[in-house]
Amino acid sequence: PTVEVTRADLSEVLHRSAHTEADFLFDDTVTALDQDEGGVDVTFRRSSPRRFDLVVGADGMHSTVRRLVFGPERQFAGDLGLYGATVPLEPDAIEDPTEMTMLTVPNRMLVLHPSRTTPLAIFTFRAAQSAPHDRKNIALHKQTVADAYADVRWRAPELVAAFLDHPAPFFDPLTTVRVPSWSRGRVVLLGDAAAATALLGDGSSMAMAGAYALAEELAAHPVDHTRAFAAYESRLRREVGPRQRRVGPLSRFMVPRTRPGLTVRNAVGRAVGRTNRTASREAANR
Ligand SMILES: Cc1cc2nc3c(=O)[nH]c(=O)nc-3n(C[C@H](O)[C@H](O)[C@H](O)COP(=O)(O)OP(=O)(O)OC[C@H]3O[C@@H](n4cnc5c(N)ncnc54)[C@H](O)[C@@H]3O)c2cc1C
């Protein structure tokens, strides 16, 4: 059976386990990193500057650490031609809290996910024309989702309305991140910042496995971070590489462009669902 842990629950568990060992600075960001032979000087937007032995950039897909040390995001991000958008829903938006329901029409998928406490509508789609993406332009995100699902029936009108009503719904192009080398001096990247597999891969599992491998290698090479970083990267690339190669074909399979593609996907989905006993159901577009 599939076990799902929400991102919020996972963050809480990690914070609870680590807060006695580490300082947490909330509501702040790194603005400059300056490294030399002995350490890294870090400047924050709010907190006082500090010097660290090593810096781990675990700040996600749009990593600031990566931008400051490795270069602009466009050098590393690969566009899959798809967008992902989500909006939380009222608890009564779903009938069965144990079942995920999805509707797919060519180029568009709409998933109603029960989640643990707050149901979620997930829109995954190929837009008619890809506009230059502006992460802060919420009005454009809303218009893009409304246009993409304008002719979709089932519960699309109601779920699009929920997306339009929300003050800041999630919206992002689905991209992969490929960084040729995950460390530079005393700075190393981890998770999506180093190697994102978009939301069609096992991003959270890879981020956790990466953190574990990095901690193990630093413990094994306590006075040689260069060796530790190299060993960590080589271990993780064996896991991440095949997943990244699968993301392109998988995204085309999951969100087919045509009806025949959709028929094949649904047949495979039913077969896999029978084997895995996945609690999901395909809805009809009416
Ligand atoms: C809609 C959606 C659904 C997904 N579903 C799944 C799934 O079912 N299974 C799965 O395995 N993966 C899934 N993923 C992918 C998964 O969420 C990521 O791969 C995973 O969260 C990566 O972990 P991370 O720690 O590298 O980055 P993140 O989880 O993105 O964490 C980065 C953290 O850094 C913080 N941060 C960012 N910038 C700064 C800054 N400048 N200063 C300070 N802090 C900063 C962020 O606030 C965040 O807390 C999904 C992703 C999306 C968008």
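Note that this is a predicted model, so its numbers are computed, not measured.

A.B. asks: So what about the environment of Asp147? Which residues, and what values?
C.D. replies: The topology assignment puts Asp147 in helix α3 (residues 138–148). Spatially, the C-alpha atoms of Asp147 and Ala121 are 16 Å apart, while their sequence positions differ by 26 residues.

A.B. asks: Give a description of the pairing of strand β8 (residues 120–125) that names residues and reports values.
C.D. replies: Of all the six residues making up β8, five are buried; the element is thus mostly covered by neighbouring parts of the structure. The pairing of strand β5 (residues 77–88) with β8 spans six bridges and is antiparallel. Paired with Tyr83 across the strands is Phe125, a residue of β8.

A.B. asks: Talk me through the packing of helix α6 (residues 203–220) against helix α7 (residues 225–254); I want residue IDs and the actual numbers.
C.D. replies: Closest axis-to-axis distance for the α6/α7 pair is 8 Å, and the angle between their directions is 160°. As judged from the angle between their axes, α6 and α7 are roughly antiparallel. Relative to α7, the crossing made by α6 is right-handed. Contact residues: Met206, Ala209, Gly210, Ala213, Leu214, Glu216, Glu217 and Leu218 in α6; Ala228, Phe229, Ala231, Tyr232, Arg235, Leu236, Glu239, Val240 and Arg243 in α7. Here the contact of α6 with α7 is built from residues that sort into eleven nonpolar, one polar and five charged.

A.B. asks: Describe helix α4 (residues 156–165), naming the residues involved and giving the relevant values.
C.D. replies: Buried residues of α4: Ala156, Leu159, Val160 and Phe163, and no others. Seen from one end, α4 has its buried residues packed into an arc of 100°, which puts them on one side. For α4, exposure combined with an orientation more than 90 degrees from the buried face picks out Pro157 and Asp165.

A.B. asks: Let's hear about the sheet that holds strand β4 (residues 55–57): which residues, and what values?
C.D. replies: Overall, mixed pairing links the three strands, which are arranged β4-β11-β10 in an open sheet. Single-partner strands in this sheet number two, and they are β4 and β10 (183–184). Packing against the sheet, α7 makes contact with β10 and β11 (187–189), and its axis sits at approximately 10° to β11.

A.B. asks: Tell me about the environment of His166, residues and numbers included.
C.D. replies: Structurally, His166 is set in the loop between α4 and β9 (170–177). His166 sits in the partly exposed class, given a relative accessible area of 23%. Taking the C-alpha atoms as reference points, His166 and Ala230, separated by 64 residues in sequence, lie 44 Å from one another. For His166, the contacting residues outside a window of four places in its chain are Val87, Pro88 and Lys142.

A.B. asks: I'd love a proper account of the sheet that holds strand β3 (residues 50–52), names of residues and values included.
C.D. replies: The pairing of strands in a sheet happens through backbone hydrogen bonds and is either parallel or antiparallel. Ordered in space as β1-β2-β3, the three strands form an open sheet in which the pairing is antiparallel. Edge positions in the sheet fall to β1 (30–36) and β3, since each of these pairs with one other strand and no more. If you compare each strand with its neighbour and ignore which way they point, the axes differ by 25° on average.

A.B. asks: Report on the domain arrangement of the protein chain, specifying residues and quantitative values.
C.D. replies: When its domains are assigned, the protein chain resolves into domain 1 (7–75 + 178–250) and domain 2 (78–175 + 257–282). A straight line from the C-alpha centre of domain 1 to that of domain 2 covers 29 Å. On the side of domain 2, six residues touch domain 1, which itself brings eight residues to the contact. The junction of domain 1 with domain 2 conceals about 750 Å² of combined surface from both sides, 62% of it contributed by carbon and sulfur atoms. On the surface where domain 1 and domain 2 come into contact, there are one residue pair in polar contact (both at pLDDT 80 or more). Residue classes in the side of domain 1 that touches domain 2 are distributed as five nonpolar, two polar and one charged.

A.B. asks: Before we move on, could you go through the layout of surface pockets and cite the residues and values that matter?
C.D. replies: The calculated volume of the second largest pocket comes to roughly 410 Å³. Considering the residues around the second largest pocket, the lining is formed by 21 residues, among which His62, Glu73, Arg74, Ala77 and His133 are closest to the centre. Elements with a minimum of two residues in the lining of the second largest pocket: α2 (64–69), β5 and β9. In terms of residue count, the dominant contributor to the lining of the second largest pocket is β5 (five residues). Looking at which domains feed residues into the lining of the second largest pocket, each of domain 1 (7–75 + 178–250) and domain 2 (78–175 + 257–282) supplies at least three.

Conventions adopted
- Residues numbered from 1 in each chain as written.
- Predicted model: local features only at pLDDT ≥ 70, side-chain atom pairs only at ≥ 80, totals over all residues.
- Heavy atoms only, no water.
- Helix = DSSP H or I, 4+ residues; strand = E, 2+ residues; numbered from the N terminus.
- Buried < 20%, exposed > 50% of the residue type's maximum accessible area, 1.4 Å probe, protein only.
- Pairing = 2+ DSSP bridges.
- Axes fitted to C-alpha atoms, helices over the stretch in contact; angles between N-to-C directions.
- Parallel < 35°, antiparallel > 145°, perpendicular 65-115°, else oblique.
- Left-handed = near helix turned anticlockwise from the far one by under 90°.
- Contact = heavy atoms within 4.5 Å.
- Nonpolar A, V, L, I, M, F, W, Y, C, P; charged D, E, K, R; others polar.
- Arc of directions from axis to C-beta.
- Domains from an automatic or database assignment.
- Buried area = accessible area lost by both parts, 1.4 Å probe.
- Polar contact = N/O pair within 3.5 Å; in protein donor to acceptor, adjacent residues only side chain to side chain.
- 1 Å grid on protein atoms, 1.4 Å probe; cavity = no way out; pocket = protein on both sides within 12 Å on 5 of 7 lines; lining within 4 Å.
- Points joined across faces, edges and corners; volume = space filled by probe spheres on them.

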